[in-house]
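Chain by chain, the residues run as shown.
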Amino acid sequence: MGQILVLGAGECGLPLAHRLLRGGHPVTLVTDRDAEAVLAGTVTSTQVKFPATLDLEADLGLGFWRSTAPNIEGIRFTMVVDRAAVLTWTGRLTRPAQSVDQRTVFARWLAEYLAEGGDLRVATPSVPELDRIAAGYALTVVTRAGRELAECFEPDPAWPVPTAPLRRLAVLYLDGVEPDPERLGSYTALPEHGEVISYPGLTGRPGQERRCEMLLFEARPGGALDVFDQHGTPAQRWSQARGLLEAHLPAEIADRYRHAEPTDAGATLVGAVSPAMRRPVGMLPSGRPVLGGGDVLCRMDPGGAQGANNAVHCAIRYGEAILHDPDGPYDSAWMEWAAAPWLTAVAHPAARWTATVLDPPPAMREMMLAAQHDPTLADAFADTFARPANLARFAAGVPS
């Protein structure tokens, strides 16, 4: 039973390390930050976890916030033109989703991993260093990669992706937002400009969590929402965000944020995500194969709310595959076998859904219009966020 090396302590690497540790398989987890550094840093993204993902975390003993995080019961969709709502409907999820600040999650999961005797190394190895380190392990799983390491994984030619980000992003975690009376997340589409997405969650140090609102601006490059400064402070970014809310959203939506303030000094993030779809087996300079997981293989814009779910499912699948073959050999063929079910059933449908929801084809736009008068259709659309593999049935006009 050879030692497994997991690079990256995020939504994929941490559950994978926990699964192996609890399954009795030796594992070493390498990350660039310890728990305190994670808590002291900036927010890492937005994340909505749907029931299937929450169930996986609970089964692994990592669902610490299931009874305390606010439930997200569905989606309130609004299309806005000139500050007026021209289309609105509400879609209910079959089971509620939840969101917890990844700083909170990763810090707690890291602490639990150490408490259970897990081997943790805080380091940022270069590709040549990783190549040398990997020689001492039966299998290396890469769940986080900078540009140089990511280039060790070939693009998947079956999945052409845009060469530039679809949206420019600004994330803000806020105190003082008026809760949605129906416990819904909001998805506000501003044609030609982008989307404004908002939902409740938890933030704070483990054991001191509190409710907050997570606000995401998905700006079309060069559009009216594309105003955020990469070097701005949380206060400056919130001032820009408040101005956008007041200038572009109906008063009944913008007023929810009139008393809001950033939750902490690290409560904002500005950037963009370049979509990527890569083959599962990477080759280090020595020719040593490594297995990619999570965002390394399937990186998506957060507007589709799939990234965190995708990563957790990857972790569980990889953990089960390793425990199924505890002695390997973990060669390239094994890696392809281990990755195929996750890529086929989870990652590829999630990527397809994300691309579709950010640029709906005419048939889906017509159905989104029809959902205003058909609650069953609205519920089916909302639930497709939780089950993106049902996209084909939904797009064909068959509610799931």
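Residues numbered from 1 in each chain as written. Predicted model: local features only at pLDDT ≥ 70, side-chain atom pairs only at ≥ 80, totals over all residues. Heavy atoms only, no water.

1. A look at the overall build of the chain
Per the secondary structure count, the chain includes 13 helices and 16 strands. Reported as C-alpha extents along the three principal axes, the dimensions of the chain are approximately 60 × 45 × 40 Å. Considering only residue pairs separated by 6 or more positions, the chain has 75% of its internal contacts joining residues 24 or more positions apart. If you sum the accessible surface of the chain, you get close to 16200 Å²; carbon and sulfur atoms cover 54% of it. When the 35 basic and 47 acidic side-chain charges of the chain are each reduced to a single mean position, those positions are 1 Å apart. (Helix = DSSP H or I, 4+ residues; strand = E, 2+ residues; numbered from the N terminus. Contact = heavy atoms within 4.5 Å. Areas by Shrake-Rupley, 256 points an atom, 1.4 Å probe, with all protein chains shown as cover. Lys, Arg positive; Asp, Glu negative; His and termini not counted. Charge placed at Lys NZ, Arg CZ, Asp CG, Glu CD.)

2. Let's talk about unusual backbone geometry
Between Gly328 and the following residue, Pro329, the backbone shows a cis peptide bond with an omega angle of 0°. Mapped onto the fold, Pro329 is located in the loop between α9 (307-324) and α10 (332-358). With a phi angle near 65°, Arg83 is a residue other than glycine that sits in the positive phi range. The residue Arg83 is located in the loop between β3 (72-81) and β4 (84-97) in this model. Positioned with a positive phi, Arg183 is a non-glycine residue whose angle comes to about 55°. Within the element layout of this structure, Arg183 appears in the loop between β8 (168-175) and β9 (185-190). Assessed through its relative accessible area of 49%, Arg183 is described here as partly exposed. (Buried < 20%, exposed > 50% of the residue type's maximum accessible area, 1.4 Å probe, protein only.)

3. A word on the nonpolar core
Counting 63 residues, the largest nonpolar core has Ile4, Leu139, Tyr318 and Trp334 as its most contacted members. With sequence-adjacent residues up to four places away left out, Tyr318 is seen in contact with Leu16, Val141, Leu291, Gly292, Gly293, Leu297, Ala338, Ala339 and Trp342. Val48, Ile75, Leu169 and Met368 belong to the second-largest nonpolar core, a separate cluster that totals 35 residues. (Core = buried A, V, L, I, M, F, W, Y, C linked by side-chain atoms within 4.5 Å.)

4. Concerning the confidence of the model for the chain
Across the chain, the average pLDDT comes to 94, with 98% of residues at or above 70. This model gives residues 396-400 a pLDDT under 50, and the stretch forms 10 contacts once residues within four places in sequence are excluded. (pLDDT = per-residue confidence, 0-100.)

5. Overview of the packing of helix α1 (residues 13-22) against α9
Relative orientation of the contacting elements α1 and α9 amounts to 30°, with a least axis distance of 8 Å. In terms of their interaxial angle, α1 and α9 are classed as roughly parallel. Seen along the crossing, α1 lies across α9 with a hand that is right-handed. Between α1 and α9, the residues in contact are Pro15, Leu16, Arg19 and Leu20 and Ala315, Tyr318, Gly319, Glu320, Ile322 and Leu323, respectively. Residues of the contact of α1 with α9, tallied by class, amount to seven nonpolar, one polar and two charged. (Axes fitted to C-alpha atoms, helices over the stretch in contact; angles between N-to-C directions. Parallel < 35°, antiparallel > 145°, perpendicular 65-115°, else oblique. Left-handed = near helix turned anticlockwise from the far one by under 90°. Nonpolar A, V, L, I, M, F, W, Y, C, P; charged D, E, K, R; others polar.)

6. What about the environment of Ala247?
For Ala247, the location among the structural elements is in helix α7 (residues 234-248). Take Ala247: its relative accessible area is 44%, and that puts it in the partly exposed class. For the pair Ala247 and Leu284, spaced 37 residues apart in the sequence, the C-alpha separation amounts to 50 Å.

7. Considering α7
Spanning 15 residues, α7 covers 21 Å between terminal C-alpha atoms, matching the ideal 21 Å at 1.5 Å per step. Buried within α7 are the following residues: Pro234, Arg237, Trp238, Ala241, Leu244 and Leu245. Looking straight down α7, one finds that the buried residues subtend no more than 120° of arc, so they occupy a single side. (Expected span 1.5 Å × (residues − 1). Arc of directions from axis to C-beta.)

8. Details of the pattern of salt bridges
Counted by the stated rule, this structure contains 28 salt bridges. Two residues, Arg167 and Glu195, come together in a salt bridge whose shortest N-O distance is 2.9 Å. In this pair, Arg167 sits in the loop between β7 (153-155) and β8 while Glu195 sits in strand β10 (residues 194-203), placing the two residues 28 residues apart along the sequence. Judged by its relative accessible area of 2%, Arg167 is buried. Accessibility expressed as a relative area gives 7% for Glu195, which makes it buried. Connected through shared salt-bridge partners, Arg76, Arg92, Asp180 and Glu182 make up one network. (Salt bridge = Lys/Arg side-chain N within 4 Å of Asp/Glu carboxyl O.)

9. Section: the side chain of Arg256
Tracing the backbone shows Arg256 in the loop between α8 (251-254) and β12 (261-262). Classification of Arg256 as buried rests on a relative accessible area of 12%. Non-local contacts of Arg256, meaning those with residues more than four positions away in its chain, are made with Gly176, Val177, Glu178, Pro179, Asp180, Ser186, Ser198 and Glu213.

10. A short note on the state of the cysteines
Within this structure, the stated rule accounts for zero disulfides. Lacking any disulfide linkage, Cys298 is separated from the closest cysteine sulfur, that of Cys314, by 9.6 Å. (Disulfide = S-S within 2.5 Å.)

11. Concerning the side chain of Glu73
Checked against the element boundaries, Glu73 lands in strand β3. Relative accessible area serves as the criterion here: at 17%, Glu73 is assigned to the buried category. Contact partners of Glu73, with chain neighbours within four places excluded, come to Arg92, Leu93, Pro96, Glu182, Arg183 and Leu184.

12. A short note on the UniProt feature "domain: Styrene monooxygenase StyA putative substrate binding" (unreviewed entry) in the chain
In the numbering adopted here, UniProt assigns the feature "domain: Styrene monooxygenase StyA putative substrate binding" (unreviewed entry) to residues 147-253. With 21% helix and 35% strand, residues 147-253 has its two end C-alpha atoms placed 39 Å apart. (UniProt positions renumbered as here; feature names shortened; annotations may be inferred.)

13. Concerning the environment of Leu21
Looking at the secondary structure, you find Leu21 in helix α1. Its relative accessible area of 22% is what places Leu21 among the partly exposed residues. Residues Leu21 and Gln240, 219 residues apart in the sequence, show an inter-C-alpha distance of 45 Å. Residues within four places of Leu21 in sequence aside, it is in contact with Val27, Tyr113, Glu116 and Gly118.

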